[in-house]
Amino acid sequence: MPQTFPQNKGSVLDIVNLTMNFGGLRAIDAVNLHVKQWEIVALIGPNGAGKTTIFNCITGLYKPTAGDIFIQPPGRKRKRVTGMKIHKITKRGMARTFQNIRIFSNMTALENVMIGRHCRTKAGVWEAVLKNKRTRKEEKDIVSQSYNILAKVGLTQAVNELAKNLPYGAQRRLEIARAMATEPFLLLLDEPAAGMNPYETKELDELILRIREEERISILMIEHDMKLVMSVSDRIYVMDYGEKIAEGSPSEIRENHVVIKAYLGEEFDA
Amino acid sequence: MRKIKELRQSLLISVWFMFLTFPIMVIRVNTIDNIIEWRWMNMIYVGLGSFVFSFIWRYLLSKKQSGAKLLKADKPAYLLPMQRIFANPWMQMSALFFIAVFAVIFPFVFSSYQINIMTTALMYVVLGLGLNIVVGQAGLLNLGYAAFYAVGAYSYALLNYHFGIGFWTALPIGAALAALFGIILGLPVLRLRGDYLAIVTLGFGEIVRLVLENWNEFSFGPSGISNIPRPGFFGIELNFEQVSAYLYFLVIGICLLAIFVIRRLQNSRIGRAWIAMREDEVACQSMGIDMTRAKLTALALSSMWAGLVGVIFAAKTTFINPASFTFLESAMILSIIVIGGMGTILGVIVGAFLLILLPEYLRALSDYRMLAFGAAIVLMMIFRPQGIVTVSRRTYQFSDENHAPDISTK
Ligand SMILES: Nc1ncnc2c1ncn2[C@@H]1O[C@H](COP(=O)(O)OP(=O)(O)OP(=O)(O)O)[C@@H](O)[C@H]1O
Ligand SMILES: [Mg+2]
């Protein structure tokens, strides 16, 4: 079980009083959230609760109305990243997948992952034109590293396949591979099991645990599939109407009345 | 039943065309004798012509539809016979060899008129390749490309006029200035995409032209700048014919350089970033690509080629004025890449030769040049919207042999 993993290593992500308004709508209301090293944390809640909006604030797509986001990559200094540019946040070590798949459809699976290597490689215009030894080696490394990552998510069969021709489940895994290629310390997965069949979800379960094991990274995951959430998470945050309504271990959340009420709504009251 | 229906349709079309063209094709007022000539024969020609054409048109359309069905069935895209032959590497090598030999002996065999036309066509190849970087690869529609061409041409003309700077010094300066202008244009339009970007670049192109036209003290207005020196050849004076050949080889050199550089860029980390940017801007940034930088790099590298060719243009014609850098010029270069096949180097080359050489050799049709041009583009968009040369983008093909050792290490 996840608990066997070394815990309490100190947090890598701290979200403090995060608030996000869209015009008059408050999508997130003073949410506090943190993720520790090597931890798998799930963020759950009914539709429209503001989960994806939190991801968008963390990764720089939205500038939060108020609040702060701090990161502390293992072995590095604590840093405030609120409102930083998207690509800089990725470079600092947080990579994400999207709720509505956003792969590069007309690129092959391998090329998709190669894009993920962009922020960890250097070759500029000059290097591209001159193509000296160093650049050739860098290109070769990009390819073999990308291939290795594809192998980790089990997509080597599709290596030269255009991403748009892949089945849905494979596209989701390709997005995870692409995010991993950026060498994150924290992987943010937005509904990775959405649209997957039970068998694929089972595989995803194993994949997530294996990524944590092998890459020694933390994972923050939004997910509606409760079976998956309960089986992989160390801790769970529950949101409703932009507010955090509960947090705790899977067993605590399962028992929590507020959570049950939020999920079952009026039906529960009746 | 269907046959009769088609006949009736074609008949209707021909009657409609006869009616439409009646005033210009049939009636002619002879103002000298004050009589009206009725040229009924013309009407018959129009009628017969449109009748036949409507059949051809329908045949092509039905062919296109069956083609679309084929595509849906996931058949490989239809390739030109030429392309199929060139799939063979041996054919490729011998064709390249033949082209190289032809290109080298060309100026010694043909008249300087022919050489000049060929030089112009080659200049457009470079312009097309340059514009293709932003339009075909980075997916940013630029309708003001002629502005950068103008920057190159005017930087040589003015630097030479004021400071007597020679061609070879002006060449890199013109390219650098054009690249700088690319960045200056890029900064305010970074957030724009698609139609909006097209409109802004169109405006930018017009602004540059209007400034050149009206700022007399700077650019000598519509009368332009003349007596621009031709490029020197190690201090030797060349006669007119020698200069043509010299420029021809120079442009060939730049063409080869452009093909080399652009191919390298396409298959590089930066080329990949451009494609990713074209595919999905949000995902691209989330993967750690600095989009601002990628866009500005594309704009600068693209404009640079226009600047380079601009300097050569000024040296070739020895006279420039703003009339050479109108929107029509930008549209022409854009047509080259659209007709040739967006995003492919071979397509741009084919497009440039077709669009520049055909009108030159079909002088008889020169009155109808723009008409034929428009018709050609409309037909292209209907029957072959992907361009004459369609190669699906070359993707990186992973093969186990190349990388087996690396895989086993992990
Ligand atoms: N860009 C935006 N502009 C305006 N409103 C937005 C925007 N993005 C999200 N919202 C609103 O914020 C609220 C939270 O949306 P969010 O996408 O974060 O929900 P979610 O928890 O991810 O839901 P789901 O489970 O359906 O994905 C919703 O009411 C949504 O309409
Ligand atoms: Mg969501």
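Since we're looking at a predicted model, the values are computed, not measured.

### Concerning the interface of chain B and chain A
Part 1 of the argument: On the side of chain A, 43 residues touch chain B, which itself brings 37 residues to the contact.
Part 2 of the argument: Area buried by chain B at its contact with chain A is led by Arg-269, Arg-272 and Met-287 of chain B, which between them contribute 23% of it.
Part 3 of the argument: Applying the counting rule to chain B against chain A returns two salt bridges.
Part 4 of the argument: The partner of Arg-102 of chain A in a salt bridge is Asp-280 of chain B, with the nearest N and O atoms 2.8 Å apart.
Part 5 of the argument: The interface formed by chain B and chain A contains 12 residue pairs in polar contact (both at pLDDT 80 or more).
Part 6 of the argument: Elements represented by at least two residues in the side of chain B that touches chain A include exactly α10 (240-266), α11 (269-279), α12 (281-286), α13 (291-317) and α17 (400-409) of chain B.
Part 7 of the argument: No other element matches α11 of chain B, which puts seven residues into the side of chain B that touches chain A.

### Considerations on the coordination of the magnesium ion (ligand 2)
Residues and elements named next belong to chain A.
Part 1 of the argument: Every protein donor of the magnesium ion (ligand 2) is accounted for by Thr-52 (OG1) and Gln-99 (OE1), and the metal-donor separations fall at 1.8 to 2.1 Å. Of the two residues, Thr-52 sits in helix α1 (residues 51-58) while Gln-99 sits in the loop between β6 (94-96) and α3 (109-116), which places them 47 residues apart along the sequence.
Part 2 of the argument: Taking the relative accessible area as the measure of exposure, Thr-52 reaches 23% and is therefore partly exposed.
Part 3 of the argument: Gln-99 gets classed as partly exposed once you look at its relative accessible area, which sits at 28%.

### Some words on a positive patch on the surface
Part 1 of the argument: Positive charge collects at one region of the surface, where Arg-76, Lys-77, Lys-79, Lys-85, Lys-88 and Arg-92 of chain A together with Arg-191 of chain B lie side by side.
Part 2 of the argument: Within the secondary structure, Lys-77 of chain A sits in the loop between β4 (66-71) and β5 (79-80).

### Things to note about the nonpolar core
Part 1 of the argument: Ranked by size, the top nonpolar core spans 105 residues in total, and within it Trp-274, Trp-305, Ile-312 and Ile-320 of chain B carry the most contacts.
Part 2 of the argument: Setting aside residues up to four positions removed in sequence, Ile-320 of chain B forms contacts with Ala-153, Tyr-154, Ala-157, Gly-224, Ile-225, Ile-228, Phe-313 and Ala-314 of chain B.
Part 3 of the argument: The next biggest cluster of nonpolar side chains, apart from the first, holds 48 residues, and it includes Ile-103, Leu-187, Ile-208 and Val-229 of chain A.

### Details of the confidence of the model for chain A
Part 1 of the argument: Per-residue confidence for chain A averages 89 on the pLDDT scale, and 94% of its residues sit at or above 70.
Part 2 of the argument: Every residue in residues 266-270 of chain A is under pLDDT 50, and counting partners more than four places away or in other chains gives three contacts.

### Points about the sheet that holds strand β10 (residues 243-248) of chain A
All names here are of chain A.
Part 1 of the argument: Spatial strand order, β6-β7-β8-β3-β9-β10: six strands in an open sheet with mixed pairing. Each edge of the sheet is formed by a strand with only one pairing partner; in this case those strands are β6 and β10. Pairwise comparison of adjacent strand axes, ignoring direction, gives a mean angle of 20 degrees for this sheet.
Part 2 of the argument: Of the strand pairs in this sheet, strand β9 (residues 235-240) and β10 are connected by five bridges, and their pairing is antiparallel. Residue pairing across strands places Tyr-237 opposite Glu-247, the latter belonging to β10.
Part 3 of the argument: Contacting β6 and β7 (186-190), helix α6 (residues 168-180) crosses the sheet at an angle of about 155 degrees to β7.
Part 4 of the argument: The sheet contacts of helix α7 (residues 198-215) involve β3 (40-44), β7 and β8 (218-222), and relative to β8 the element is tilted by about 155 degrees.

### What to know about the sheet that holds strand β1 (residues 11-22) of chain A
Residues and elements named next belong to chain A.
Part 1 of the argument: Strands sit in the order β2-β1-β4-β5 across an open sheet of four strands; the sheet is antiparallel. Here the strands that pair on one side only, and so sit at the sheet edges, are β2 (25-36) and β5.
Part 2 of the argument: Pairing analysis gives five bridges linking β1 to β4, with the strands arranged antiparallel. Bridging across to β4, Asp-14 finds its partner in Phe-70.

### Re the site of ligand 1
All names here are of chain A.
Part 1 of the argument: Around ligand 1, 14 residues are found, and the nearest of them are Gly-48, Lys-51, Thr-52, Thr-53 and Gln-99.
Part 2 of the argument: Between Gly-48 and ligand 1, the recorded distance is 2.8 Å, taken from a backbone N or O atom to an oxygen atom.
Part 3 of the argument: His-224 places a side-chain nitrogen or oxygen 3.0 Å from an oxygen atom of ligand 1.
Part 4 of the argument: Out of a free accessible area of 630 Å², ligand 1 has 65% covered by protein chains.
Part 5 of the argument: For the shell around ligand 1, the elements supplying multiple residues, two or more each, are β2 and α1.
Part 6 of the argument: For the shell around ligand 1, the element with the most residues is α1, which contributes three residues.
Part 7 of the argument: Broken down by class, the residue content of the shell around ligand 1 amounts to five nonpolar, seven polar and two charged.

### Brief notes about the pairing of β2 of chain A
Residues and elements named next belong to chain A.
Part 1 of the argument: Of the strand pairs in this sheet, β1 and β2 are connected by eight bridges, and their pairing is antiparallel. Paired with Ser-11 across the bridge in β2 is Lys-36.
Part 2 of the argument: Following β1, the chain reverses through two residues before pairing antiparallel with β2; Gly-23 in that reversal takes a positive phi of roughly 60 degrees.

### Some words on the confidence of the model for chain B
Residue and element names in this part refer to chain B.
Part 1 of the argument: The predicted model of chain B averages 83 in pLDDT, with 87% of residues at 70 or higher.
Part 2 of the argument: α17 is the least confidently modelled element of chain B, averaging 45 in pLDDT, while α13 averages 94, the highest of any element.
Part 3 of the argument: Between residues 71-76, whose pLDDT stays under 50, and residues either more than four places distant or in other chains, the model counts two contacts.
Part 4 of the argument: Here residues 404-410 scores under 50 on pLDDT; set against residues more than four positions off or in separate chains, the count is nine contacts.
Part 5 of the argument: Prediction confidence for the complex, expressed as pTM and ipTM, is 0.83 and 0.90 respectively.

### Things to note about the packing of aromatic side chains
All names here are of chain B.
Part 1 of the argument: Going through the model one piece at a time under the given rule, you end up with 22 aromatic pairs over all chains.
Part 2 of the argument: Taking 6.3 Å as the distance between ring centres and 40 degrees as the angle between the ring planes, the aromatic pair formed by Phe-108 and Phe-249 counts as tilted. With Phe-108 in helix α4 (residues 89-109) and Phe-249 in helix α10, this residue pair connects regions lying 141 residues apart in the sequence.
Part 3 of the argument: The class for Phe-108 is exposed, based on a relative accessible area of 64%.
Part 4 of the argument: Here a set of aromatic residues connected by ring pairs shows up, and it is made of Phe-102, Phe-106, Phe-108, Phe-110, Tyr-248 and Phe-249.
Part 5 of the argument: Between Arg-58 and the ring centre of Phe-55, over which it is positioned, the NZ or CZ distance is 5.4 Å.

Definitions and limits used
- Residues numbered from 1 in each chain as written.
- Chains lettered and ligands numbered in written order.
- Predicted model: local features only at pLDDT ≥ 70, side-chain atom pairs only at ≥ 80, totals over all residues.
- Heavy atoms only, no water.
- Contact = heavy atoms within 4.5 Å.
- Buried area = accessible area lost by both parts, 1.4 Å probe.
- Salt bridge = Lys/Arg side-chain N within 4 Å of Asp/Glu carboxyl O.
- Polar contact = N/O pair within 3.5 Å; in protein donor to acceptor, adjacent residues only side chain to side chain.
- Helix = DSSP H or I, 4+ residues; strand = E, 2+ residues; numbered from the N terminus.
- Donors = N, O, S within 2.8 Å, 3.2 Å for Na, K, Ca; no water.
- Buried < 20%, exposed > 50% of the residue type's maximum accessible area, 1.4 Å probe, protein only.
- Patch = residues over 30% accessible without salt bridge, like charges linked within 9 Å, V, L, I, M, F, W, Y side chains within 5 Å.
- Areas by Shrake-Rupley, 256 points an atom, 1.4 Å probe, with all protein chains shown as cover.
- Lys, Arg positive; Asp, Glu negative; His and termini not counted.
- Charge placed at Lys NZ, Arg CZ, Asp CG, Glu CD.
- Core = buried A, V, L, I, M, F, W, Y, C linked by side-chain atoms within 4.5 Å.
- pLDDT = per-residue confidence, 0-100.
- Pairing = 2+ DSSP bridges.
- Axes fitted to C-alpha atoms, helices over the stretch in contact; angles between N-to-C directions.
- Near = heavy atom within 4 Å.
- Nonpolar A, V, L, I, M, F, W, Y, C, P; charged D, E, K, R; others polar.
- Phe/Tyr/Trp six-rings, centres within 6.5 Å; stacked < 30°, edge-to-face > 60°.
- Lys NZ or Arg CZ within 6 Å of the ring centre and 35° of its normal.

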